[in-house]
Amino acid sequence: MIANLIGSEWRRAEDGAGSLPIYNPATGEVIDQVPLSGSADVDAAVNAALAAYKGWSRTPVMERVRLMFRYKALLEQHFEDLASIITRHHGKTLDEARGEVRRGIEVVDFACGAPTLLQGRTLRDVSGGVDQDLYRYPVGVCAGIPPFNFPVMIPLWMFPLAVVAGNTYVLKPSERTPLGGARLAEIFLEAGFPEGVLNIVHGARDAVDALLAHPDVRAISFVGSEPVARHVYITAAANGKRVQALGGAKNHIVVMPDADPEITVPAILNSAFGNAGERCLAGSVAVAVGAAADRLLQPLSDAASKLVVGPGDVAGVQVGPLIRADHRDRVAGYVDKGVAEGAQLLVDGRSQMSRPGFFLGPTILDRVTPDMAVGHEEIFGPVLSVERAATLDEAIAQANRMALGNMATIFTQSGRAGREFRERVEAGMTGINVPIAQPFAFFPFSGWKGSFYGDLHVHGTDGIEFFTRKKVVVTRW
Ligand code: NAD
């Protein structure tokens, strides 16, 4: 059974509702157990964070940053270890896991800029003999609730920026992939951060609800599915906390007739089937405009059928397993539903379901419409729906019909079409000729509509705004 981190002590959960198995999704074997902590465990973690806050929030910024640089160095040192932990309990390929660790470390790189990022501003002589100064202060104890699909990167979106700004932290990793957050916390202690600055409480719904209700938690960062994002946003806000809650996705890839299949085909494969489709930036619907379908579908289907499915730690594997058997079955259920609703199955990955582990191969459904379940519900697996549109206007309208607006991307050689798409598509992260429009650590990351509840996005300067409160001082001597 893995342990919670309370202050500097790794402790068994005391108040939980039992435990859940942690699997290796490539084999179906149970590799450990995660406790389902309850409110007393959450209370212990928040109290440890609160006790640390007094000293940590007054620790000079250069000292906080020195520790963050040390953390960065240790993360580089443990890079391969972190990647193999991700693959072992999430399933993605080692290359995908390495990409995840790199993107996570980039947020730590960004956090090391705190002496610049945390600066306030000043205006002298705002009126006769009066000056005004803006200072940034930490918020207090902050908490983070990540999803299962990026067990290292998403926790790193959260606590490094919070702690470098002088806050202390409680992280509740996903109960399905808790080993990434646990390893990040071990390395955090190794870097020399004082006890209680980062605490870990493992668990699921009860632990989340205890964090949302806790009077000493001042800010909540959440990433996960849309219904839970909405619940977290409403509950935490009702309890007076600041919240950033990132939800699900139904990302559209628009392919114009002038798009070059040599670029588009590998890009769509990466977008739809990378990370086995368990990515909030995964392309879920390809909208072929006009004649694009004729040039695209055959090479796309041929290439998708050839993708190598298997355990993520085996060289040459391109598509790993899904997270759990029930999730794999749910995704396969969408394929059945799509066919029943009239879609045409071009590539059927369900033959992979017979192997041990939680596999489903790349699947392509053609002639999907936005009304079908596969056309508008988040599937979160390696299933690509293909829709047809006569014009760019129609394609944008199809994307904008979605209740979710995380990412959208277009493939075209026309600057005009690209610009039109950028201006009109309702997605917080928009790509032009790129498969995954992921903002780097120094830009804000988030979607629009049901993909995001809150106002300040994660990382970038939005992250600094979220983790600080401002004080304006008016002075006359
Ligand atoms: P999830 O919503 O099931 O779980 C996310 C977190 O919420 C977990 O830590 C879990 O313990 C907790 N949780 C689950 N149910 C809860 C409940 N009823 N009450 C309180 N807490 C609860 O999401 P998941 O399956 O782990 O992750 C996949 C989802 O996350 C997908 O919808 C995906 O699109 C989304 N996601 C979004 C982004 C983004 O940036 N917008 C990034 C990654 C993943």
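Data block above holds the structure.
Reading guide: rules and limits
Residues numbered from 1 in each chain as written. Predicted model: local features only at pLDDT ≥ 70, side-chain atom pairs only at ≥ 80, totals over all residues. Heavy atoms only, no water. Near = heavy atom within 4 Å. Polar contact = N/O pair within 3.5 Å; in protein donor to acceptor, adjacent residues only side chain to side chain. Areas by Shrake-Rupley, 256 points an atom, 1.4 Å probe, with all protein chains shown as cover. Helix = DSSP H or I, 4+ residues; strand = E, 2+ residues; numbered from the N terminus. Nonpolar A, V, L, I, M, F, W, Y, C, P; charged D, E, K, R; others polar. Domains from an automatic or database assignment. Core = buried A, V, L, I, M, F, W, Y, C linked by side-chain atoms within 4.5 Å. Buried < 20%, exposed > 50% of the residue type's maximum accessible area, 1.4 Å probe, protein only. Phe/Tyr/Trp six-rings, centres within 6.5 Å; stacked < 30°, edge-to-face > 60°. Lys NZ or Arg CZ within 6 Å of the ring centre and 35° of its normal.

### Overview of the site of the ligand
Next up, step 1: Lining the immediate surroundings of the ligand are 29 residues, of which Glu175, Arg176, Ser225, Gly247 and Glu378 lie closest.
Next up, step 2: Note that an oxygen atom of the ligand is positioned 3.0 Å from one of the backbone N or O atoms of Phe148.
Next up, step 3: Separating an oxygen atom of the ligand from a side-chain N or O atom of Ser225 is a distance of 2.6 Å.
Next up, step 4: Contact with the protein chains removes 89% of the 830 Å² of surface that the ligand exposes when unbound.
Next up, step 5: Secondary-structure elements contributing two or more residues to the shell around the ligand are helix 6 (153-164), helix 8 (205-213), strand 10 (217-223) and helix 9 (226-238).
Next up, step 6: Among the residues forming the shell around the ligand, the class breakdown is 16 nonpolar, 8 polar and 5 charged.
Next up, step 7: Each of domain 1 (4-247 + 451-476) and domain 2 (251-432) contributes no fewer than three residues to the shell around the ligand.

### Some thoughts on the nonpolar core
Next up, step 1: Ranked by internal contacts, the top residues of the largest apolar core, which has 65 residues, are Met68, Tyr71, Leu75, Trp157, Tyr169 and Phe193.
Next up, step 2: Counting the residues that make up this core, at least three belong to each of domain 1 (4-247 + 451-476) and domain 2 (251-432).
Next up, step 3: The next biggest cluster of nonpolar side chains, apart from the first, holds 42 residues, and it includes Ala259, Phe273, Ala288 and Ala304.

### Quick notes on the packing of aromatic side chains
Next up, step 1: Evaluation of the coordinates by the stated rule reveals 14 aromatic pairs.
Next up, step 2: Arranged with centres 5.8 Å apart and planes meeting at 90°, the rings of Phe148 and Phe380 form a pair that is edge-to-face. A residue pair is termed long-range when its members are at least 10 positions apart, and Phe148 in the loop between strand 7 (141-145) and helix 6 and Phe380 in the loop between helix 13 (373-376) and strand 16 (383-389) qualify at 232 residues.
Next up, step 3: Residue class for Phe148 comes out buried when judged on its relative accessible area of 6%.
Next up, step 4: Between Phe159 and Phe188, the aromatic rings sit 5.7 Å apart at their centres with planes inclined by 85°, giving edge-to-face as the arrangement. On the criterion of sequence distance, the pair formed by Phe159 in helix 6 and Phe188 in helix 7 (residues 179-190) is long-range, its members being 29 residues apart. There is no split in this pair, since Phe159 and Phe188 are both buried.
Next up, step 5: Of the aromatic side chains, those joined through ring pairs into one cluster are Trp56, Tyr71, Phe159, Tyr169, Phe188 and Phe193.
Next up, step 6: Sitting above the plane of the Phe359 ring, Arg355 keeps its charged end 4.7 Å from the centroid.
Next up, step 7: Its end group placed over the ring of Tyr137, Lys471 keeps NZ or CZ at 4.7 Å from the ring centre.

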